[in-house]
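# Notes for the structure review
Letter by letter, the chains look like this.
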Amino acid sequence: MTSADAVPVRSQKVWDWTVRTFHWGLVFLIACMWSTAEGHGIWETLDGFMVEQGWIAYGWGEMGWHRRIGMLVLFLWFYRVYWGLFGASTAKFSNFVKGPGKVIAYAKSLTKGNYKPSTGHSPLGALSVVALILVVGTQVGTGLFTIDVNGLESGPLSKFLEFDTGRLFSEFHEMSFRALYILIALHVLAVLAYQFVLKANLVRPMLTGSRKVEEGAPEKTVRAPLWNVALGVAVAIGLTWLVWTI
Ligand code: HEM
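The notes below deal with the structure included here. Predicted, not measured: the structure shown is a model, and the values here were computed from it.

### Focus on the coordination of the iron atom of the ligand
Every protein donor of the iron atom of the ligand is listed here as His23 (NE2) and His187 (NE2), and their distances to the metal cover 2.0 Å. Geometry at the iron atom of the ligand is octahedral, judged from the six donor atoms that bind it and their angles of 87 to 179° at the metal. Residue His23 is found in helix α1 (residues 17-38), and its partner His187 is found in helix α7 (residues 163-196); the two are separated by 164 residues along the sequence. Note on His23: relative accessible area 18%, which makes it buried.

### Some remarks on the nonpolar core
Generally speaking, a soluble globular protein has its nonpolar side chains buried in company with each other. By size, the foremost hydrophobic cluster in this structure holds 37 residues, and its most contacted members are Leu26, Ile69, Val73 and Trp83. Of all elements in the fold, only α1, α2 (42-52), α3 (61-86), α6 (123-144), α7 and α9 (226-245) reach the threshold of two or more residues within this core. Every residue in contact with Trp83, bar those within four places of it in the chain, is listed here: Asp16, Thr18, Val19, Ala88, Ala91, Lys92, Arg223, Ala224, Asn228 and Val229. Listed in part, the five residues of the second largest apolar core include Tyr106, Tyr115, Tyr194 and Leu198.

### Quick notes on the pairing of strand β1 (residues 10-13)
Across the two faces of β1 the burial differs, with Arg10 and Gln12 buried and Ser11 and Lys13 not buried at all. In terms of strand pairing, β1 meets strand β2 (residues 210-213) through four bridges, oriented antiparallel. The partner of Gln12 across the bridge, within β2, is Arg211.

### Here's the deal with the packing of aromatic side chains
Tallied over the full model, the rule gives eleven aromatic pairs. Taking the centre distance of 6.0 Å and the plane angle of 40° together, the rings of Phe177 and Tyr181 count as tilted. Highlighted residues: Phe177 and Tyr181, both in helix α7, separated by four residues, approximately one helical turn. Using a relative accessible area of 28% as the deciding quantity, one classes Phe177 as partly exposed. Among the aromatic residues, those joined into a cluster by ring pairs are Trp43, Trp60 and Trp65. Positioned above the aromatic ring of Trp60, the side-chain terminus of Arg68 is 4.0 Å from the ring centre.

Conventions used here
Residues numbered from 1 in each chain as written. Predicted model: local features only at pLDDT ≥ 70, side-chain atom pairs only at ≥ 80, totals over all residues. Heavy atoms only, no water. Donors = N, O, S within 2.8 Å, 3.2 Å for Na, K, Ca; no water. Tetrahedral: all angles 85-135°; square planar, octahedral: opposite > 155°, others 65-115°. Helix = DSSP H or I, 4+ residues; strand = E, 2+ residues; numbered from the N terminus. Buried < 20%, exposed > 50% of the residue type's maximum accessible area, 1.4 Å probe, protein only. Core = buried A, V, L, I, M, F, W, Y, C linked by side-chain atoms within 4.5 Å. Contact = heavy atoms within 4.5 Å. Pairing = 2+ DSSP bridges. Phe/Tyr/Trp six-rings, centres within 6.5 Å; stacked < 30°, edge-to-face > 60°. Lys NZ or Arg CZ within 6 Å of the ring centre and 35° of its normal.

By themselves, these observations are geometric and do not establish any function.
Below is the structure:
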């Protein structure tokens, strides 16, 4: 049965609120990272406004914003890794990362028109999710050690490196951005293909947390107890703070 034939009758929780916050937070922050790297004038304007209000003593400049927003991306990344290890069922890597056999079987089912919605990431989607999380990590990780051509702007951990090694990290940082750019384009294309070819709306569940399923579909528990979220946030803040202040 395809999703077009299915009669959706009840709502099923797919994503907990922290996965959704992580996702849309990441989308927003990556757009900001790109904009600060491109040197859009809005950041100078924001600087001027914040100095005028007395919130900061001096303007941070585009790169100052880039470094600080990068720390927020790092915080989200640490949190997502914690949540992938100890979090809600659909967020756990051990639950959604499948072996090549399952990935191939799922891909075949798509080509044969036997698409069945997954509760959480599909075996194929899991590959793109893992790739995105790894490349976002590489992007921030290389940024931490980057030194610019004048040696004036640099990542918080570049003080441990020689100038030439920092320059090498700068090149990796650019290469990894290109990889991220390609992955994001493929990711959005895949979401559009699900929407228009398989008639499956994946975006609504990423916004609301729930999707419609047929009666009798297996129940799935997606829990995010506050103590676990708080622990994950504390771990992520602690690690990010360590990187920023070391
Ligand atoms: C900067 C751009 C983006 C990045 C880096 C990104 C990254 C990710 C990541 C890491 C996940 C896995 C979520 C998790 O398990 O924690 C994901 C899932 C998802 N993303 Fe994005 N995303 C981006 C843009 C978008 C956009 C623009 C859309 C909507 C058009 C979108 C729709 C989705 C959906 C629907 C899922 C869930 C897929 C599924 O059901 O398995 N993403 N994304």
